[in-house]
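# Examining the three-dimensional arrangement
If you want the building blocks of each chain, they are given just below.
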Amino acid sequence: MKPLESLAATLLVIGGLNWGLVGLLNFNLVTTLFGGFSRIVFILVGWSAIYLLLNWNKIRRRPSV
C-alpha cells in the first residue's frame, strides 16, 4: 500500500471506531482527544473515504507484494 493509502485507511479505522463508540456508549473519542480540532479530524476522515472510494478499483487490482 502507498503511504497516502495507508494514512487514509488508518483515518477510516479511527473514524469507524469513533462512530462505534458514539453509537454504543454515546462517547465521542475524537472530540475528547482533539477538542476544538475534532472538526479537522472529521474532515480528514471524510476525505479519506472519498479518496479510497475513488481509487478502490486501482488499489484492489494492484498485485500483492
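For the structure, see preceding data.
The text that follows walks through the structure, step by step, so that each part is easy to find. (Residues numbered from 1 in each chain as written. Predicted model: local features only at pLDDT ≥ 70, side-chain atom pairs only at ≥ 80, totals over all residues. Heavy atoms only, no water.)

Glancing now at the environment of isoleucine 59. Considering the arrangement of structural elements, one finds isoleucine 59 in helix α4 (residues 56-61). With 57 residues separating them in the primary sequence, isoleucine 59 and lysine 2 have C-alpha atoms 9.3 Å apart. Beyond its immediate chain neighbours, meaning those up to four positions away, isoleucine 59 contacts Glu5 and Leu52. (Helix = DSSP H or I, 4+ residues; strand = E, 2+ residues; numbered from the N terminus. Contact = heavy atoms within 4.5 Å.)

Quick look at helix α1 (residues 3-25) now. Between its first and last C-alpha, α1 extends 32 Å over 23 residues, near the 33 Å set by a 1.5 Å rise per residue. What α1 keeps buried is the set Glu5, Ala8, Leu11, Gly15 and Asn18. Against α2 (29-34), α3 (38-54) and α4 lie the buried residues of α1. Directly beyond the C-terminal end of α1, a positive phi value near 55° is found at asparagine 26. (Expected span 1.5 Å × (residues − 1). Buried < 20%, exposed > 50% of the residue type's maximum accessible area, 1.4 Å probe, protein only.)

Once that is clear, we can look at the side chain of asparagine 18. Within the element layout of this structure, asparagine 18 appears in helix α1. Residue class for asparagine 18 comes out buried when judged on its relative accessible area of 5%. Beyond its immediate chain neighbours, meaning those up to four positions away, asparagine 18 contacts Phe27, Asn28, Leu29, Val30 and Phe42.

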